[in-house]
Amino acid sequence: MKASLRNAEMWLKEAGLIAKHGSSCHAQALTIFAYEEVGKSFMCWLVVNSVMPFNHPDVDFANRGSIFKKHSLKSSTTFAILTAARRYQKKVGEDLRKRFASMGDAATRTRSIYMYTDIKRGRKGLEIINPLMQPTAIEAALNEVALAIRELKMFFKLTPEIGYIFEKGRIEAEEHDEKWPEDPEW
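First, a word on scope: everything that follows refers to the structure included in this document. (Residues numbered from 1 in each chain as written. Predicted model: local features only at pLDDT ≥ 70, side-chain atom pairs only at ≥ 80, totals over all residues. Heavy atoms only, no water.)

**Re the environment of Asn 63**
In step 1: Note on placement: Asn 63 falls in the loop between helix H2 (24-48) and helix H3 (71-85).
In step 2: Note: C-alpha distance between Asn 63 and Val 38 (25 residues apart in sequence) is 19 Å.
In step 3: A distance of 3.1 Å separates the side chain of Asn 63 from the backbone nitrogen of Gly 65, its partner in a polar contact. (Helix = DSSP H or I, 4+ residues; strand = E, 2+ residues; numbered from the N terminus. Polar contact = N/O pair within 3.5 Å; in protein donor to acceptor, adjacent residues only side chain to side chain.)

**Some words on the environment of His 56**
In step 1: The residue His 56 is located in the loop between H2 and H3 in this model.
In step 2: By relative accessible area, which is 0% here, His 56 ends up buried.
In step 3: The spacing of His 56 and Trp 186 is 130 residues in sequence and 9.9 Å in space, taken between C-alpha atoms.
In step 4: Residues in contact with His 56, not counting those within four places in the same chain, are Asp 177, Lys 179, Trp 180 and Pro 181.
In step 5: A polar contact is formed between the side chain of His 56 and the side chain of Asp 177, at a distance of 2.6 Å. (Buried < 20%, exposed > 50% of the residue type's maximum accessible area, 1.4 Å probe, protein only. Contact = heavy atoms within 4.5 Å.)

**Regarding the nonpolar core**
In step 1: Counting residues in each nonpolar core, the largest one holds 37 residues, and the members touching the most others are Val 38, Phe 42, Trp 45, Leu 46, Ile 149 and Leu 152.
In step 2: For this core, the elements supplying multiple residues, two or more each, are helix H1 (2-20), H2, H3 and helix H5 (138-162).
In step 3: Contact partners of Leu 152, with chain neighbours within four places excluded, come to Leu 5, Val 38, Ser 41 and Phe 42. (Core = buried A, V, L, I, M, F, W, Y, C linked by side-chain atoms within 4.5 Å.)

**Examining the pairing of strand S1 (residues 118-122)**
In step 1: By the bridge criterion, 5 bridges tie S1 to strand S2 (residues 125-129) in an arrangement that is antiparallel. Bridge pairing in S2 links Ile 119 to Ile 128.
In step 2: Adjacent in sequence and paired antiparallel, S1 and S2 are bridged by 2 residues. (Pairing = 2+ DSSP bridges.)

**Let's talk about the side chain of Ser 75**
In step 1: Of note, Ser 75 is situated in helix H3.
In step 2: Here Ser 75 is in contact with Ile 32, Tyr 35, Glu 36, Gly 104 and Ala 107, once residues within four sequence places are set aside.

**Quick look at the packing of aromatic side chains**
In step 1: Under the defined criterion, the tally for this structure stands at 8 aromatic pairs.
In step 2: Plain terms: the ring middles of Trp 11 and Phe 33 are 4.7 Å apart, the flat faces sit at 50° to each other, and that makes the pair tilted. Of the two residues, Trp 11 is situated in helix H1 and Phe 33 in helix H2; the sequence distance between them amounts to 22 residues.
In step 3: Using a relative accessible area of 16% as the deciding quantity, one classes Phe 33 as buried.
In step 4: Seen from their ring centres, Trp 180 and Trp 186 are 6.2 Å apart, and the 50° between their planes marks the pair as tilted.
In step 5: Classification of Trp 186 by relative accessible area gives partly exposed; the value is 47%.
In step 6: Every member of this aromatic cluster is reached through a ring pair, and the members are Phe 42, Trp 45, Phe 155, Phe 156 and Phe 166. (Phe/Tyr/Trp six-rings, centres within 6.5 Å; stacked < 30°, edge-to-face > 60°.)

Printed below as a string of structure tokens:
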């Protein structure tokens with residue numbers, strides 16, 4: 001949990017340095033790495049606080065679809081943190097989860113666009129994808145990651161005071177999460 005958060009902070013710092021020296025495209029990719037590490041750290045925090053069992057498929061390190069292996073899950077988890085931080089979240093449910101999942105998938109695709117030169121079939125035949133020619137919103141991305149890190153640090157700091165909500169979160173997860181293990185391991 002703490003190692004992932006420190007890694008996110010380092011990715012953010014490195015993204016800022018690279019952006020300052022003229023490579024906003026590569027910096028944009030690094031901000032997505034930072035997003036992913038924030039999401040992983042948050043999920044670990046949920047396990048540490050017994051909101052999610054460690055054998056849940058989203059956090060089981062041996063599962064190919066877990067937070068430790070699936071980039072889109074990492075990013076979508078961070079999008080959820082940012083949404084909650086902005087108090088946009090009006091309802092919890094499948095629609096919101098699907099929206100976060102699609103945002104996570106988009107972040108994973110976007111990361112590749114900012115990292116790799118590629119050739120794809122386009123409307124006019126073959127097109128070269130050049131990461132150095134992609135438009136960026138690097139300042140916004142740096143600010144978003146910094147916000148996610150601040151929010152997660154606040155969660156960590158407030159853990160003793162907000163512990164009473166963990167049981168409620170666990171009960172809701174058990175009732176609504178179709179991936180919830182039959183025999184949760186704590």
